[in-house]
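In case you want the letters, here they are:
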Amino acid sequence: CGRGPGGCGGGRTDVALRRAASLAAARQPRGPRREATVRWSSAAKASAVKINEKASREKILTLESMNPQVKAVEYAVRGPIVLKAGEIEKELRKGIKKPFTEVIKANIGDAHAMGQRPITFLRQVVALCTYPNLLDSPSFPEDAKERARRILQGCGGNSLGSYTASQGINCIREDVASYIERRDGGVPADPDNIYLTTGASDGISAILKILISGGGKSRTGVMIPIPQYPLYSAAISELDAIQVNYYLDEENCWALNVNELRRALNEAKAYCNPKVLCIINPGNPTGQVQNRKCIEDVIHFAWEEKLFLLADEVYQDNVYSEGCQFHSFKKILYEMGPEYYNNVELASFHSTSKGYMGECGYRGGYMEVINLHPEIKGQLVKLLSVRLCPPVSGQAAMDIVVNPPVPGEESYAQFIKEKESVLNNLAKKAKLTEDMFNKIPGVHCNPLQGAMYAFPRIFIPSKAIEEAKAHKMAPDMFYCMKLLEETGICVVPGSGFGQREGTYHFRMTILPPVEKLKILLEKVKDFHIKFLEKYA
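Analysis parameters
Residues numbered from 1 in each chain as written. Predicted model: local features only at pLDDT ≥ 70, side-chain atom pairs only at ≥ 80, totals over all residues. Heavy atoms only, no water. Phe/Tyr/Trp six-rings, centres within 6.5 Å; stacked < 30°, edge-to-face > 60°. Helix = DSSP H or I, 4+ residues; strand = E, 2+ residues; numbered from the N terminus. Buried < 20%, exposed > 50% of the residue type's maximum accessible area, 1.4 Å probe, protein only. Lys NZ or Arg CZ within 6 Å of the ring centre and 35° of its normal. Salt bridge = Lys/Arg side-chain N within 4 Å of Asp/Glu carboxyl O.

Chemist: I would appreciate a short explanation of the packing of aromatic side chains in the present structure.
Modeler: The geometry of an aromatic ring pair is captured by two quantities: the separation of the ring centres and the angle between the planes. If you walk through the whole model with that rule in mind, you get 14 aromatic pairs. The interplanar angle of 75 degrees and the centroid separation of 6.0 Å between the aromatic rings of Phe-478 and Tyr-535 together place this pair among those described as edge-to-face. You can see Phe-478 sitting in helix 18 (residues 475-487) and its partner Tyr-535 sitting in helix 19 (residues 514-535), a full 57 residues away along the chain. For the pair shown, Phe-478 and Tyr-535 are each scored as buried. Positioned above the aromatic ring of Tyr-453 is the side chain of Arg-507, whose terminal nitrogen or guanidinium carbon lies 3.9 Å from the ring centre.

What follows is the structure, encoded as structure tokens:
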């Protein structure tokens, strides 16, 4: 209904407001118009407040009445510790004295927020797409203009502001397919199997949504690595599915062991129907890079147990350790032969947010889904059409990730210089972080083979564990909160990612500039030694 006379809700308040204003006006002596308006407004407000007090009622939406699945969702990367960091930042701005001058947010992989410079070519193409008048400018290279024109031709009205097909712009999906073929040494890729997404997270959530069904013991079980990226546990909670944990082997550089997969699967069959297996490679938060043999074993296990594979490969460009190499699940699946390649259902994910690009804010991504039942393909497109389309600027950014300058093009030299600079810098910071953590007593950090995080194991004395319990906190949350309050460093407790009982960790990004990272690590070292002295 409307809010005017005769409408419901706000209508009665509006009528009362006008009546109160009229009465107030009648009582006021004639004087300057502005002054009278202020008086009328005050009288009217007072009258409206009385009416609203009488009409107040209980809220429809409360913690008791809200969707219990949403209530169960937890996302540690932006959880209580980050809220506390925000409060501290406000206090610093007000001039409240702290033992530090700034909060260093090492909790999230947000490259540009940590000072990483954007890739020039990517920004040039997106700028040209956003403001096509720049296509006439001599300031932009011709290879950037060619890509921008091609993207705009795929948009309605040649405008980035138009909706696109729900699967994404066709020419960009073609570029993604070509990229996958180059990456995987000629393994064929079909643009019709490519879905552009709002970051990788959107694709992962959509696939899980369409996979989950059943009730009771037939409810879908989703196998996820522990430690895991909290998107998975959050999506599983929201969809009221069953989380099935399999543990990575910390003593063996966070390796994935098929015997552990089998244990988790067999135990889960007693209370759910496990049919999805999630893999994160390179790992987040653990940074391990899976070797070819491991991937083959996982694929064979999924084929044998009839599991739908989800391969989260957003860190595929972030491999640092010598002897490590990124292998896509799709490539290995193809090379294992037609019995596997024609049968194992696989969804793979990539994003603009990580790698050397770090373009988190554009929310660009894609997923490739192979061996999907034709009828389910239609259902997936239907599901994606509900959100209309992914951000079109994000689609354009994704296109540059998969269709960068090539040798012989005008922008190639600058592009490759910027790309290699970012990746070499990350490799240097990965080694620096590992080495410095392993010099701290009571801290152990596995090699950071890939991705952009350290996940060190920390020793927490029993006295500190007892104090944490008294504060109703997990011990590593207690530790991380103390670290934040005493140093201004914001990291995420390992309990937010999952860990074996009796072990404690935290996740910290390696993205800060080298000099700031050194200072950060020294501060962590000093804090940890004092923490042990206090609670040992």
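Chemist: What's the story with unusual backbone geometry in this structure? I'm lost.
Modeler: A negative phi angle is the norm for most residues apart from glycine, just as the trans form is the norm for most peptide bonds. Cis geometry marks the peptide bond from Asn-281 to Pro-282; its omega dihedral reads -10 degrees. A cis amide bond links Asn-284 to the next residue, Pro-285, at an omega of 20 degrees. Positionally, Pro-285 belongs in the loop between strand 5 (273-280) and helix 11 (292-305). A positive phi angle is found at Asp-240, which is not glycine, with a value near 55 degrees. Among the secondary structure elements, Asp-240 is positioned in the loop between helix 9 (231-238) and strand 4 (242-247).

Chemist: Would you mind showing me how to read the pattern of salt bridges here?
Modeler: When charged atoms on two side chains of opposite charge get close, those side chains can pair. For the structure on display, the rule yields 26 salt bridges. Taking the shortest distance from any N to any O, the salt bridge between Asp-192 and Lys-377 comes out at 3.3 Å. Of this pair, Asp-192 sits in the loop between helix 7 (170-183) and strand 2 (194-198) while Lys-377 sits in helix 14 (residues 374-385); the two residues are 185 residues apart in sequence, bridging distant segments of the chain. Asp-192 sits in the partly exposed class, given a relative accessible area of 38%. Salt-bridge contacts for Arg-457 lead to Glu-250; the nearest nitrogen and oxygen are separated by 3.8 Å. Taken together, the positions of Arg-457 in strand 11 (residues 457-458) and Glu-250 in the loop between strand 4 and helix 10 (258-268) put the pair 207 residues apart, joining distant regions of the chain. Assessed through its relative accessible area of 30%, Arg-457 is described here as partly exposed.

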